[in-house]
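Spelled out, the chains give:
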Amino acid sequence: MGYTGWHAGVRVCLVLTSAAAAPALTAPALAQGGPPQFAAAPPGVALTPAARAPGAGIEVADVNGDNRADIVIADIAAGVPVITTLLNLSDDVFSSPITTTPQLDGADFGEIALALADFNGDRRADLVTTRLARFSPESGVRPNLAILFGQENGGFAGQVNLVNSWTDTTPRGPGGRSVAIADMNGDLRADIVSPAGDHAFSVLRGNGNGTFMPPLQSGWGSGVGAGGITLLADVTGDAVPDVVSLVNTGSDAHAQTTVAVNLNDGSGAVHFQTAFTLDVRLTNVRTGQARAYLTDLNGDARADLVVFGERGDVSGEGGLYVLLAGDNGEFTLTARETRAEDNESTATIAVAGFTGGRAHILKVPNASAFGQVWVNDGMGGYANRAGIGFDTMGRVLAGVGDIGHNRLPDLVTTEVHGGTPRARWRLNLSLLLHLPGCGTSDFNGDGDFGTDQDIEAFFACIGGFCCTTCCPCGSDFNGDGDYATDQDIEAFFRILGGGPC
């Protein structure tokens, strides 16, 4: 079911799951038991009439404290980094763009980092960015980070500059993914992790009131130059976030990225464990913005690694890597596609549980190309693939978050085309048609969710069908051997959570 409307001067285009949906650009219909079918994405929408350049990326978080996920974009306007917020007014209605310009040293610093979390306990997302300080204070230490606090109007204010390392005197280059946020020491407060001097990491442990403890510097593998990515997740299964960094160690001619794994001892200090190289480069080059994700792909409580990057002009194949985590921070390659095999059609990737469960890999295409979904088989394998149509242009950045407030990650993209003086943003709300004929718990299409009529329509639709990609087999959702009982219905809706099965 498609929807197009005008809200607060911004044209909004959505794709909603529905049994009646029949988009023009989709993969062929899939037999029951096959991978999910994804609907075609709607056209992009002009964000501003001003010329924009690709920036650090796009994130989804509640900026104004109304319990709705808003869209936050970092890009470049007239050579100056700009933070743009689109407030989510009612799941499919968005405000006009609200802009914030961080105060940086100097003039043009290119892309800046973008990371969001609530640091002062007001239930509004705050912004951390790389400040890219060019000039040292008398101490010789540059305040290379800045925090700006989320406001009720959707903007960010009250900038505080932060020293992230007492030994770091290196000027910052652009590092769009170099700052990450997690609770590193188990005190239930958000901490900031970023590259520090001597290829170490800085951990700024939050006090919960917008202030931070002195920097804790440890580990090895970070990089302060362009193209660095810092990821935080538990890669060993001990319920403590670890640090995985990706740094370009090759060149445009000879692509190579070094991946360093540092394990957290529980205090926030990290210790180098291992490193390996991939033949990709992570910089924003000919065909789009490289990405990396750290998330559990096979349900073993260890975060796995997905990397997408460009190939080199002479060596380095680039493309998509899927690596599963082992017991001690090591990773094993399980899936691989080079840029040549991809025909250089992919601009960026997004990794999320688009079907409400295991993480699938969505390849968002370049202009005039088809995208593709790599469907997770539950063990971190991606043999099944499903096509998806996009109307993209230029260089593409992608983010995911629960915009529709249905416990499902939605896809948001921004696009910039060199010959077109505008950026576009796109919201794909509940992208997929999960089962042929039934996509959400509004199974009879009357606009109400979880009613008796929906339950009747659901069981008429599923008919005992074994949904191998998402739920327990058939309509025996509680596993007691009986089908379509009240207990099965209750178990189903607990699994469903108001989203697709």
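Up top is the structure.
First things first, this report covers the structure right here in the doc. Because the structure is predicted, anything quoted here is derived from the model rather than measured.

### Side note on the sheet that holds strand β14 (residues 191-195)
- The strand order β13-β14-β15-β16 describes an open sheet built from 4 strands, whose pairing is antiparallel. Two strands in the sheet have a free side with no partner beyond their single neighbour: β13 (180-182) and β16 (216-218). Between one strand and the next, the sheet's axes are offset by a mean angle of 25°, whatever the strand orientation.
- Relative to β14, β13 runs antiparallel, the two being bridged by 3 bridges.

### Quick notes on the packing of aromatic side chains
- Counted under the stated rule, the structure contains 4 aromatic pairs.
- Consider the rings of F276 and F331, whose centres lie 6.2 Å apart with planes at 50°: the pair is tilted. Separated by 55 residues along the polypeptide, F276 in strand β20 (residues 270-278) and F331 in strand β24 (residues 331-337) bring together distant segments of the chain.
- Owing to a relative accessible area of 13%, F331 belongs among the buried residues under this scheme.
- On the numbers, 6.2 Å between centres and 45° between planes, the contact of W374 with Y382 is tilted.
- Residue classification places Y382 among the buried positions, given a relative accessible area of 4%.
- A cation over a ring is seen here: R336 above Y321, with NZ or CZ 3.9 Å from the ring centre.
- Here the guanidinium or amino end of R385 rests over the ring plane of W374, the centre of that ring lying 3.7 Å away.

### Side note on the sheet that holds strand β28 (residues 384-389)
- Strand order in the open sheet formed by 4 strands is β25-β26-β27-β28, and the pairing between neighbours is antiparallel. Two strands in the sheet have a free side with no partner beyond their single neighbour: β25 (346-352) and β28. Direction aside, neighbouring strands of the sheet carry axes that sit 20° apart on average.
- Alignment of strand β26 (residues 360-365) against strand β27 (residues 370-375), held across 3 bridges, turns out to be antiparallel. For I361, the partnering residue across the bridge sits in β27 and is W374.

### Here we look at the environment of A352
- Here A352 lies in strand β25.
- Residue A352 is classed as buried on the basis of its relative accessible area, which comes to 10%.
- In this structure, the C-alpha to C-alpha distance between A352 and Y293, residues 59 residues apart in sequence, is 9.3 Å.
- Excluding anything up to four places from it in sequence, A352 contacts R358, A359, H360, V400 and P409.

### What to know about the pattern of salt bridges
- Counted according to the given criterion, the structure contains 13 salt bridges.
- Residue R336 is joined to D279 by a salt bridge in which the shortest nitrogen-to-oxygen separation is 2.8 Å. Taken together, the positions of R336 in strand β24 and D279 in the loop between β20 and β21 (291-295) put the pair 57 residues apart, joining distant regions of the chain.
- Here R336 falls in the partly exposed class, since its relative accessible area comes to 27%.
- On the basis of relative accessibility, which here comes to 23%, the residue D279 falls in the partly exposed class.
- In this structure, D300 and R302 form a salt bridge, with 3.0 Å as the shortest nitrogen-oxygen distance.
- Of the residues examined, D300 reaches a relative accessible area of 24% and is grouped as partly exposed.
- The class for R302 is buried, based on a relative accessible area of 18%.

### Comments concerning the nonpolar core
- The biggest cluster of nonpolar side chains holds 28 residues, and the ones touching the most others in it are L297, I349, V351, I361 and L362.
- Sorting the residues of this core by element identifies β22 (304-309), β23 (319-325), β25, β26, β27, β28 and β29 (395-401) as the ones contributing at least two each.
- A per-element tally of this core places β25 first, with 5 residues.
- Leaving out residues up to four positions away in the same chain, I349 has contacts with R291, Y293, V306, F308, L320, I361, L362, K363 and A398.
- In terms of nonpolar packing, the next biggest core, distinct from the first, is built from 21 residues, V259, V307, L323 and A325 among them.

### Points about unusual backbone geometry
- Its identity as a non-glycine residue notwithstanding, R123 has a phi of 65°, on the positive side.
- Along the polypeptide, R123 turns up in the loop between β9 (115-117) and β10 (126-130).
- Taking the relative accessible area as the measure of exposure, R123 reaches 72% and is therefore exposed.
- With phi around 65°, L188 is a residue other than glycine that occupies positive phi space.
- In this fold, L188 is placed in the loop between β13 and β14.

Rules behind the numbers
Residues numbered from 1 in each chain as written. Predicted model: local features only at pLDDT ≥ 70, side-chain atom pairs only at ≥ 80, totals over all residues. Heavy atoms only, no water. Pairing = 2+ DSSP bridges. Helix = DSSP H or I, 4+ residues; strand = E, 2+ residues; numbered from the N terminus. Axes fitted to C-alpha atoms, helices over the stretch in contact; angles between N-to-C directions. Phe/Tyr/Trp six-rings, centres within 6.5 Å; stacked < 30°, edge-to-face > 60°. Buried < 20%, exposed > 50% of the residue type's maximum accessible area, 1.4 Å probe, protein only. Lys NZ or Arg CZ within 6 Å of the ring centre and 35° of its normal. Contact = heavy atoms within 4.5 Å. Salt bridge = Lys/Arg side-chain N within 4 Å of Asp/Glu carboxyl O. Core = buried A, V, L, I, M, F, W, Y, C linked by side-chain atoms within 4.5 Å.

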